[in-house]
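# Survey of secondary and tertiary structure
Residues per chain are reported as follows:
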There are 2 protein chains.
Amino acid sequence: MSGWLVVAGLGPGAEHLVTPEVSAALAEATDVVGYIPYVARVAERPGLTLHASDNRVEVERAAHALLMAAEGRRVVVVSSGDPGVFAMASALFEALEARPEWQALDIRILPGITAMLAAAAAAGAPLGHDFCAINLSDNLKPWALIEKRLRLAAEADLAMAFYNPRSKSRPEGFVRALEILRAACGPDRLVTFARAVSTPEQHLRTVTLAEATPEMADMRTVVILGNSATRRVGRWVYTPRSAG
Amino acid sequence: MSGWLVVAGLGPGAEHLVTPEVSAALAEATDVVGYIPYVARVAERPGLTLHASDNRVEVERAAHALLMAAEGRRVVVVSSGDPGVFAMASALFEALEARPEWQALDIRILPGITAMLAAAAAAGAPLGHDFCAINLSDNLKPWALIEKRLRLAAEADLAMAFYNPRSKSRPEGFVRALEILRAACGPDRLVTFARAVSTPEQHLRTVTLAEATPEMADMRTVVILGNSATRRVGRWVYTPRSAG
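Residues numbered from 1 in each chain as written. Chains lettered and ligands numbered in written order. Predicted model: local features only at pLDDT ≥ 70, side-chain atom pairs only at ≥ 80, totals over all residues. Heavy atoms only, no water.

- Where an unreviewed UniProt entry is consulted, chain A appears under the name Precorrin-3 methyltransferase, with the organism given as Cereibacter azotoformans.
- Taken from UniProt, the Pathway (unreviewed entry) comment for chain A reads in full: "Cofactor biosynthesis; adenosylcobalamin biosynthesis." (UniProt positions renumbered as here; feature names shortened; annotations may be inferred.)

See the structure below:
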């Protein structure tokens, strides 16, 4: 049996941000598994089967990928960005926990450029000092925990990158997050809204928290809040390396 | 004048983790600037001048790169990992702040695979839930601020990635960090020491905080502490997507 399973990060969108390691895995794969828009980024070719599935079925998708690898197929599970940051890698290990017989398979996680790093690079260097990454979706954790983390991160004066800031089904969460951050960090704190980074639809906008409105974000936006020293220089925004 | 300046992330070490975007910039460069071991990763070729400099001269190095770009040269400043994470991008903007006449130059930051993402992928998915990245070096911030951030991040139950955990000149900092984390997170919390990830010298080791000793880290190590739900599955360590 020569099957294997790779969980690969495709980066934020641009082809030139896909690592050669990931491209090589895709070139050898017999099967590609993932959320519809990510699978759509993989070119079709003879001998490759694309398995696109809907959102919110991550563990079932991982189990399907493991089953195919156990049958001897060469399977790549694709994630946007980096698979280990709010993406498919954890879902794979959840599936593996339930099926110990699959733990002997040849499994590798291949890192990718996660959205916050591409967004930070496009904006300047807002994550140039200590920072945190918080998923603002409350699908898998209570909203109260998100609020607690926002307050503690502000008290720690960490820059913050927010994934999944706002969905149609629960727009009120991001409204509340902005209120908490405004109270904790003050109205002058800089915040960058980076949408569809590295794609033709890329749109970047840096404003103060006083100017920020919930509509500036959607589910394709990563939001980066500076720390107390973050400032503009020319057309960029950056956080100095020193503090205190 | 056709000069430009790019700050590029070379990733953690392996050639297959360098993005095509960065490889293309290096292929067009007339000058490569950076810390000695990072410049050593760039192949020599006719028409390319390599400018290697020592550590802790980041702003001077950035100013030198800007000066060459202003003179019409095509300059790549190389960083290990991602240039926006505890690396050269912020130093560049510090230099730009001091010299506004250079702000009109053609300047781009190119993201890379930062050490914590490569380390997390090699270990499993320890950063699969909310997390923070903290530089444990006190060269540019007071040690008291580092301690405060460790305590608040533990209270927020964030996974944590530590850069520059330990140097020969100040080994006592990491000793103290482990004491604080043991008190805040308990003896059973999992911690991964990932050295020289993606290179032939890669060494990974996951232990509990009770078992962790300062000697497990050096300056080539990134340390990843799990959150309260982080656990082992098979030969991996991962943090579930859900909490609370």
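### Re the environment of A:Ala121
- Within the secondary structure, A:Ala121 is located in helix α5 (residues 115–123).
- Judged by relative accessible area, A:Ala121 falls into the buried class, the value being 8%.
- In the structure, A:Ala121 is positioned 115 residues away from A:Trp236 in sequence and 9.7 Å away in space, judged by C-alpha atoms.
- In this view, A:Ala121 contacts B:Ile109 and B:Pro111; residues no more than four positions away in its chain are not counted. (Helix = DSSP H or I, 4+ residues; strand = E, 2+ residues; numbered from the N terminus. Buried < 20%, exposed > 50% of the residue type's maximum accessible area, 1.4 Å probe, protein only. Contact = heavy atoms within 4.5 Å.)

### Description of the relation of the copies chain B and chain A
- Of the two same-sequence chains, chain B is brought onto chain A (RMSD 0.0 Å, axial shift 0.0 Å) by a rotation of 180°. With respect to symmetry, the two chain copies, as superposed, fit the operation of a two-fold axis. Relative to the rotation axis, the C-alpha of B:Cys132 is the closest in chain B, positioned 1.9 Å from it.
- A symmetric contact is evident, with 100% of the interface residues of chain B recurring at the interface of chain A. (Least-squares fit on C-alpha atoms with pLDDT ≥ 70 in both.)

### Thoughts on the domain arrangement of chain A
Residues and elements named next belong to chain A.
- Structurally, chain A comprises domain 1 (4–113) and domain 2 (116–238).
- In this structure, domain 1 and domain 2 have C-alpha centres spaced 28 Å apart.
- On the domain 2 side, the residues contacting the 8 residues of domain 1 number 11 residues.
- With both chains or domains summed, domain 1 and domain 2 bury close to 680 Å², and 65% of this area falls on carbon and sulfur atoms.
- Ranking the residues of domain 1 by area buried against domain 2 places Pro-12, Arg-56 and Phe-86 at the top, with a combined share of 62%.
- Summed over the shared surface of domain 1 and domain 2, the number is 0 salt bridges. (Domains from an automatic or database assignment. Buried area = accessible area lost by both parts, 1.4 Å probe. Salt bridge = Lys/Arg side-chain N within 4 Å of Asp/Glu carboxyl O.)

### Describing the interface of chain B and chain A
- Taken together, the contact pairs 68 residues of chain B with 68 residues of chain A.
- Carbon and sulfur atoms supply 60% of the area that chain B and chain A bury against each other, a total of about 5700 Å² over both sides.
- For the chain B face of the interface with chain A, the top three residues by lost area are B:Phe93, B:Arg149 and B:Arg241, together amounting to 13%.
- Inspection of the chain B/chain A interface yields 10 salt bridges.
- For the salt bridge of A:Lys141 with B:Asp130, the shortest nitrogen-to-oxygen distance reads 2.5 Å.
- The interface formed by chain B and chain A includes 36 residue pairs in polar contact (both at pLDDT 80 or more).
- One ladder, built from 3 bridges, connects strand β7 (residues 131–135) of chain A with strand β7 (residues 131–135) of chain B; its direction is antiparallel. Bridging from a neighbouring strand, A:Cys132 pairs with B:Cys132 of β7(B). (Polar contact = N/O pair within 3.5 Å; in protein donor to acceptor, adjacent residues only side chain to side chain. Pairing = 2+ DSSP bridges.)

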